[in-house]
Each structure stands twice: as structure tokens, then as C-alpha cells.
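# Breakdown of the fold
Next come the chains, spelled out residue by residue.
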Amino acid sequence: MSRVKTLQSLFKRYRRPGDIVFAWIALVVSVFLLSQLMDQTTWRKGGKLFAQPRFWPAVSLGGMAFFAAFHLLGSALSERIHGRWQEVSLWITSLEYAGWFIGYALVVPYAGYLPSTIIFAVALALRAGYRTVSTLGVAVVSAVVIVLLFKTFLKVNLPSGLIYERLPDGLRQIMLTYF
Amino acid sequence: MENLIAGLEMLARWDVMLALLVGSVGGVIIGAIPGVGPAVAIAILLPATFSLDPIVGLTMLLGIYGSSMYGGAIPAVLINTPGTAVNALTSYDGYPMTERGEAHRAVSLAYSASFWGGIFGILCLILLSPVLALIAPMFGSREIFLAALLGIILVILAHRGQIMAAGLLAMFGIFLQTVGLDAVTYTQRYTFGYSFLSSGVNLIVVVLGLFALSQAFFLLTAPDNSPVAKPVTGRMGAGIKELLKHKRVATVASGFGVILGMIPGTGEFTAQFMSYTYAQKTSKEPEMFGKGSPEGLIASEAANNAVPAAAMIPLLALGIPGEALTAMMLSVFYVHNVIPGPQLFQNNIDLVYGLYFALIALNVIVMVFLLFSTNLLTKIIRVPTRFLGVMILLLSFVGVYSLRNSLTDCMIAAGFGVLGLILKRLNLPIVPIILGMVLGGIMEVKLRSALPRLKTPFDMIDRPIAMILFVMILLVLALHIRTLVKEWRAYQSEEDHDMHDSQMR
């Protein structure tokens with residue numbers, strides 16, 4: 001009994017719900033990547049071991065699999081914490097916001113940086129639960145400030161929107177350069 | 001002396017001064033808002049600084065790095081929520097003081113201790129410079145490889161109670177930097193036939209995903225919250241007088257900050273805990289610690305503010321970053337073709353001195369700013385957290401997309417954002433991934449370039465510094481095993497692993 005207990009105390013860690021799910025995913029991914037070592041890397045004949053292109057992937061993936069296995073062991077030997085699947089569903093919920101981010105990146109080259117930023121600021125504020133006119137107004141102002149700061153003043157490398165091409169001559173040039 | 005003047009000249013430009021002002025004041029504000037740490041801000045601003053002069057970009061980022069902890073003390077003291085992760089211990093004693101009606105005393109003490117630690121760190125950096133300039137050229141490929149290896153080992157072992165997870169994530173970081181076309185043999189590694197993976201996984205895309213986007217997702221998926229702090233009344237300069245009564249604690253704590261800041265992988269957390277323990281052990285009122293002890297507050301704030309200057313030592317002298325923020329700064333150096341390392345002290349010493357002066361100036365700017373604006377900051381920290389999430393998401397786009405206008409980068413960053421969210425929710429560390437990527441790259445390159453001169457494996461450690469580093473690696477591992485065995489035998493009580501709170505980063 002004491003041996004099991006001491007083993008537990010050695011591997012027991014401070015955890016939060018969902019830890020074991022992460023531990024399993026980490027182990028599966030590590031082992032899968034390690035199994036691809038021969039296909040995805042090459043061995044140069046006559047070269048020294050440490051200079052082989054395969055060396056560092058092998059070391060890192062071997063290390064990953066080793067640590068992932070012990071991480072899982074630690075999780076499995078610790079007391080179960082309730083709320084595991086609730087936590088996992090929250091992780092999945094975050095994919096929605098990843099989608100918003102990719103959608104924003106997709107729209108900018110067509111709709112232009114300024115219009116897309118204003119639209120997404122307002123839409124995301126609404127999605128986040130804000131309904132008051134003042135908060136939505138602050139979202140619009142913040143969006144304009146972000147565009148002015150990065151595109152107009154710092155001249156950060158961002159694409160001009162295709163939509164700007166339809167604007168009248170003078171305005172088009174200004175929008176293409178600064179917004 | 002000439003170099004000193006050249007360094008000063010570098011700062012005497014309107015654009016550098018403006019960058020310093022924006023970085024310092026911006027850093028304080030960012031630090032004061034719980035939910036946005038300096039890492040988020042630096043990650044977002046990083047690509048924007050690429051178009052600026054190296055000294056302009058670096059002073060702005062340095063401003064944010066060095067000043068955020070000042071700001072982070074405000075919510076730690078007033079609402080028991082550390083503004084940045086490294087202010088966690090400040091709330092232990094700062095908040096009880098606020099509850100006692102001594103908010104003004106606590107905030108002004110925190111500022112004074114931060115200033116003391118900041119200036120102490122820079123003075124050590126300046127005094128150590130001649131030694132560094134002497135020692136740094138002795139670091140060849142083997143020594144840098146061993147120092148990077150020591151950094152990886154330390155970053156894993158520093159996450160006590162989460163060593164397996166930290167190891168897993170550090171190895172993942174090392175793996176990530178191997179993906180793509182191998183620069184020496186021109187062979188593909190883990191590209192699975194996808195052309196977008198041939199150029200590898202960009203460090204900045206990973207950083208933005210793990211630090212900035214993940215924070216946006218974290219705030220957007222959590223319930224909305226708007227922290228309210230009461231205004232503070234009284235003169236902010238009063239803390240300086242009280243600090244002078246505790247010079248010993250402040251200086252020793254700053255010393256811990258400097259020493260641990262220099263060692264890659266350890267950083268603010270360890271420095272704070274060691275200083276706090278020291279202050280408690282040597283205090284006349286140890287029972288007051290955790291209940292509003294000024295000494296505890298001083299120990300934690302002086303220690304964490306001494307770290308940024310010290311963390312510049314391995315970065316500038318060896319090109320080895322000790323933690324995530326210096327790892328990000330390393331990429332700014334690389335973009336401008338300024339390679340930190342032994343040559344920097346020989347070829348660009350004026351830039352090094354320029355950075356030292358920038359550090360001094362930023363501490364002064366921040367101190368003056370805080371003396372007059374604490375109450376303004378208590379209003380700023382009321383930004384609702386979900387709204388903050390929306391803004392971080394919009395700002396992250398600038399960072400990722402401006403790199404090379406690639407939608408694929410945005411998708412990769414979004415993927416790392418979700419991974420970062422999971423790690424934050426599980427309270428697992430993110431820093432090992434970033435350090436794994438940077439130090440892994442350094443280890444691969446340096447080991448390869450050391451190989452032609454090695455006939456037997458023992459040649460790796462046949463030079464004095466290499467030998468010292470090797471002994472240090474063995475010592476660190478041996479000490480860790482000893483502690484494990486001791487704990488196994490002694491059945492130590494549960495520790496507070498919340499100390500590594502990754503949610504604020």
C-alpha cells in the first residue's frame with residue numbers, strides 16, 4: 001500500500017478538470033509523429049549522428065513521447081476531478097472565435113482594412129453580449145483608432161481592399177494608401 | 001567613454017524618445033489591466049517594430065517589458081488580482097494592506113520597491129558589462145550549445161509540480177523549429193508534402209497564437225467581468241521614505257532578481273519566492289507575512305523589477321533568451337541583422353549602451369508617470385474583460401497578417417491560439433514551447449558547427465567554460481533528483497501550484 005501511495009505522491013500534481021484528456025491527446029500526437037520519423041526525415045549516408053537531419057526531430061519527439069507518457073501516468077494516478085467534459089466543450093467553443101479570426105483575415109483583402117475592422121469590432125462586441133449603444137460606439141471608435149495607429153501612422157504591411165477600387169479617383173488613392 | 005557618449009547619442013533622437021515614452025507609459029497601462037500582460041502587447045507590436053530602426057523598435061518593446069510590472073502592482077494591491085503574472089506575490093501582502101485602509105501606503109511602497117529593483121538591476125548590468133565583454137568572446141559553439149541546453153533543463157525543472165508537462169511542451173517547441181526544409185542538408189522534415197510547411201513554423205506566428213490569440217479566446221469564452229478599484233488618496237512619494245527603512249530587504253531581493261534573471265529559464269517567479277522567503281526568515285515580524293507586511297511587498301516588487309535588466313545579460317552577451325519576452329526581442333534583433341552574442345559587444349557596443357540608458361530612462365519616466373496617474377489607471381482597469389478579448393483579437397490580426405500577408409499564417413496562429421487557451425485553462429505553462437523553439441534552434445546550429453572540431457565526445461567539454469557549464473548541468477540534475485528523493489521520503493504537504501499562473505501571460 002505504502003509503495004503505491006508514495007508513487008502517487010511522486011507523480012501527483014496540481015491539476016484542473018480535463019487534464020487527462022489533454023494528456024491522452026498529447027501522448028497520441030507524440031506517438032503518431034514519432035511513428036512518422038522514417039518517412040518524414042532523411043538519413044544522410046556517411047554523416048555524423050549529431051549532424052543528421054533526423055537527429056533533432058528524433059530527440060524532440062522521443063522526449064515528447066517520454067514526457068507525455070509520464071504526464072498521463074501522473075494524471076491517471078491522481079484523483080479524478082469532476083467537470084472534465086464540460087471543460088472539453090469549452091475548448092471546442094473557442095473554435096468559434098478561431099473561426100471569427102480566420103473570417104476576419106479572409107474579408108480584409110476584399111472589404112478593406114477599415115471597413116472590415118469596424119464591422120468585426122461591432123459584430124464581435126454583439127457576439128460577446130454587449131447591447132448598449134455606448135459600448136458599440138466605443139467598439140467603432142477603438143476599431144478606427146487601431147486602423148489609424150497601425151495602417152495610417154505605422155504603415156504596417158496590410159493589404160488594401162478590392163472594394164476601394166470602386167471609389168472615385170481622389171478618395172480611392174487616399175483609402176488605398178492610408179486605410 | 002566614447003561608447004557611452006555614442007550610446008547616449010543614440011537615445012537623443014525624437015523618434016527614440018517617443019518610442020521610449022510610448023513603450024513605458026503603454027507598458028504601465030497594459031500591466032495595470034488584468035488580462036493583458038506584456039507578452040500579449042509585445043507579441044502584437046513585434047511585427048510593427050520591424051519597419052522601425054532597431055534602437056527605436058527595441059526601446060519601445062523594452063519600455064513595455066520593463067514598465068508592465070509597475071502597472072501590474074496596482075490591481076494586485078487594490079483588487080487582489082495581479083495585473084501581470086509576476087505580481088502574484090504582491091497581492092499576498094498588498095491586498096491585506098488595502099483592506100486595512102492602507103492602500104495608498106501599499107501602492108507607493110510597491111512603486112518605490114519596483115524603482116529600487118529596476119535601477120539596481122541596471123547598475124549591475126552596467127557594472128558587469130566590462131566582465132561580459134571579456135567573457136563573452138570565450139563562448140564558442142560548444143559553450144553556447146551547453147548554455148542553451150542548461151536553459152532548456154532549467155525551464156523544465158523550474159516548473160515544479162508540472163515538470164512532465166513542461167518537458168512535453170519544451171520538446172514540442174524543439175520539434176516545431178525542426179519542421180520545414182533543413183537549412184544545411186536541404187531535406188524536408190515533417191512537411192507531410194505541404195508546401196506551406198517547407199519554410200517552417202514561424203516563431204512570431206506561434207508567439208501571437210499562444211500569447212495574444214489564446215488570451216482573446218480565454219477572455220471571450222469566460223464570463224464577463226469588470227474589475228472595480230477605489231481611488232487612492234495621498235502623496236505617492238511617501239513610499240520612498242518607508243522603503244529606505246527596509247533597504248536591506250530591497251537590496252537583497254533585487255540581488256536575487258539579478259542573479260535569477262541572468263540564469264535562463266528561471267526568471268521572476270523564482271526570484272520573487274526566494275526573496276519573499278528570505279524577507280520572512282529575517283524579519284522581526286514574520287507572522288505578518290501574507291497579512292499585509294510591507295517587507296513582503298518590497299521583497300516581491302524589488303525582485304521582479306530587477307529581472308528585466310538582468311535578463312538582457314544572456315540575451316545581449318550570448319544571444320540566449322532566458323524567458324518568453326526576451327525570446328521575442330531576439331527576433332527583433334535578427335530582423336535587423338543585429339546578432340546578439342559575443343560579437344555584439346565588439347561591433348555594436350554603442351547599441352548596448354543605448355539600451356542601458358533606455359532602461360534607466362524608462363524607470364524614471366514610469367516613476368514620474370505613476371506619481372501622478374495612479375487614479376487614472378484605477379479607471380482604466382475597469383475595461384470589461386470580454387470587450388478586451390474583442391480588442392486583442394482585432395489587434396492580433398495586425399501582428400499575424402502584417403508578417404507576410406498570409407492566410408495560412410492566420411490559420412496556424414488560430415490553431416496555436418486554441419492550444420494556448422487549453423494550456424491556460426489547465427494552468428499549464430506556455431513559456432517552454434517558445435523557449436524550446438528558440439533554444440532548440442540555437443542548439444541544432446551550434447552543435448553542428450562544433451562538430452568538425454570534435455574528435456571524441458570529451459572534446460565537447462575540454463575548455464574551461466564548457467566544463468563549468470557541463471558541471472552546472474550535472475549539478476542542476478543532481479539537485480533535482482535529491483529534492484525528489486527527499487520529498488518522496490518526507491511526504492511534503494501540497495504546494496500552491498497556482499503560483500505558475502499562466503492565465504495572465
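The following paragraphs examine the structure supplied in this document. (Residues numbered from 1 in each chain as written. Chains lettered and ligands numbered in written order. Predicted model: local features only at pLDDT ≥ 70, side-chain atom pairs only at ≥ 80, totals over all residues. Heavy atoms only, no water.)

## Structural notes on the nonpolar core
- Tyr113(A), Phe150(A), Phe211(B), Leu316(B), Met328(B) and Phe397(B) are the most contacted members of the largest nonpolar core, which has 226 residues in total.
- Excluding residues that lie within four positions of it along the chain, Leu316(B) makes contacts with Phe333(B), Pro340(B), Gly341(B), Leu344(B), Phe345(B), Val352(B), Leu355(B) and Tyr356(B). (Core = buried A, V, L, I, M, F, W, Y, C linked by side-chain atoms within 4.5 Å. Buried < 20%, exposed > 50% of the residue type's maximum accessible area, 1.4 Å probe, protein only. Contact = heavy atoms within 4.5 Å.)

## Remarks on unusual backbone geometry
Residues and elements named next belong to chain B.
- Notably, Phe192 is not glycine yet its phi reads approximately 50 degrees, a positive angle.
- Following the sequence through the fold, Phe192 ends up in the loop between strand 2 (188–189) and helix 9 (203–221).
- Its identity as a non-glycine residue notwithstanding, Asn405 has a phi of 50 degrees, on the positive side.
- Its location among the elements puts Asn405 in the loop between helix 17 (385–404) and helix 18 (407–425).
- A relative accessible area of 30% places Asn405 in the partly exposed class. (Helix = DSSP H or I, 4+ residues; strand = E, 2+ residues; numbered from the N terminus.)

## A look at empty space enclosed by the protein
Residue and element names in this part refer to chain B.
- All chains considered together, the criterion is met by 3 cavities of 30 Å³ or more.
- As a volume, the second largest cavity reaches approximately 50 Å³.
- Going through the elements one at a time, helix 4 (54–78), helix 6 (103–135), helix 13 (294–318) and helix 16 (349–380) are the ones with two or more residues in the lining of the second largest cavity.
- At 3 residues, helix 13 tops the list of elements feeding residues into the lining of the second largest cavity. (1 Å grid on protein atoms, 1.4 Å probe; cavity = no way out; pocket = protein on both sides within 12 Å on 5 of 7 lines; lining within 4 Å. Points joined across faces, edges and corners; volume = space filled by probe spheres on them.)

## Remarks on the interface of chain B and chain A
- Each partner contributes residues to the interface: chain B has 73 residues there, and chain A has 75 residues.
- Where chain B touches chain A, the interface holds 1 salt bridge.
- A salt bridge links Arg425(B) to Glu87(A); its shortest N-O distance comes to 2.9 Å.
- Contributing elements (two or more residues each) for the side of chain B that touches chain A: helix 3 (38–49), helix 8 (163–178), strand 2, helix 9, helix 17, helix 18, helix 19 (431–450) and helix 20 (464–490) of chain B.
- Take the side of chain B that touches chain A: its biggest share by element is 14 residues, from helix 17 of chain B.
- A per-class count over the side of chain B that touches chain A returns 47 nonpolar, 16 polar and 10 charged. (Salt bridge = Lys/Arg side-chain N within 4 Å of Asp/Glu carboxyl O. Nonpolar A, V, L, I, M, F, W, Y, C, P; charged D, E, K, R; others polar.)

## Digging into the packing of aromatic side chains
- By the definition in use, this model includes 19 aromatic pairs over all chains.
- Seen in terms of ring centroids, Phe55(A) and Trp56(A) are 5.3 Å apart; in terms of plane orientation they differ by 85 degrees. Their pairing is edge-to-face. An identical accessibility class is assigned to Phe55(A) and Trp56(A); each is buried.
- Their ring planes at 85 degrees and their centres at 5.6 Å tell us that Tyr353(B) and Tyr356(B) sit as a pair that is edge-to-face. (Phe/Tyr/Trp six-rings, centres within 6.5 Å; stacked < 30°, edge-to-face > 60°.)

## Thoughts on the environment of Glu323(B)
Residues and elements named next belong to chain B.
- Mapped onto the fold, Glu323 is located in the loop between helix 13 and helix 14 (324–335).
- Residues Glu323 and Pro308, 15 residues apart in the sequence, show an inter-C-alpha distance of 10.0 Å.
- Excluding its chain neighbours within four sequence positions, the residues that come into contact with Glu323 are Tyr65, Glu268, Ala311 and Leu435.

## Quick word on the environment of Pro137(B)
Residues and elements named next belong to chain B.
- Looking at the secondary structure, you find Pro137 in the loop between helix 6 and helix 7 (141–157).
- Assessed through its relative accessible area of 39%, Pro137 is described here as partly exposed.
- Separated by 208 residues in sequence, Pro137 and Phe345 have C-alpha atoms that sit 8.8 Å apart.

## Notes on the packing of helix 13 of chain B against helix 14 of chain B
Residue and element names in this part refer to chain B.
- Relative orientation of the contacting elements helix 13 and helix 14 amounts to 40 degrees, with a least axis distance of 11 Å. With respect to each other, helix 13 and helix 14 are oriented oblique. In this structure, the crossing between helix 13 and helix 14 has a hand that is right-handed. Here Ala311, Met312, Leu315 and Leu316 of helix 13 lie close against helix 14, whose contacting residues are Thr326, Met329, Leu330 and Phe333. (Axes fitted to C-alpha atoms, helices over the stretch in contact; angles between N-to-C directions. Parallel < 35°, antiparallel > 145°, perpendicular 65-115°, else oblique. Left-handed = near helix turned anticlockwise from the far one by under 90°.)

## Side note on the packing of helix 2 (residues 14–32) of chain B against helix 16 of chain B
Residue and element names in this part refer to chain B.
- Put simply, helix 2 and helix 16 touch, their axes get as near as 9 Å, and they point 45 degrees apart. One finds that helix 2 runs oblique with respect to helix 16. With respect to the hand of their crossing, helix 2 and helix 16 are arranged in right-handed fashion. Of the residues in helix 16, those in contact with Leu20, Leu21, Ser24, Val25, Val28, Ile29 and Ala32 of helix 2 are Ala358, Ala361, Leu362, Ile365, Val366, Phe369, Leu370, Leu377 and Ile380.
- The residue inventory of the contact of helix 2 with helix 16, partitioned by class, reads 15 nonpolar, 1 polar and no charged.

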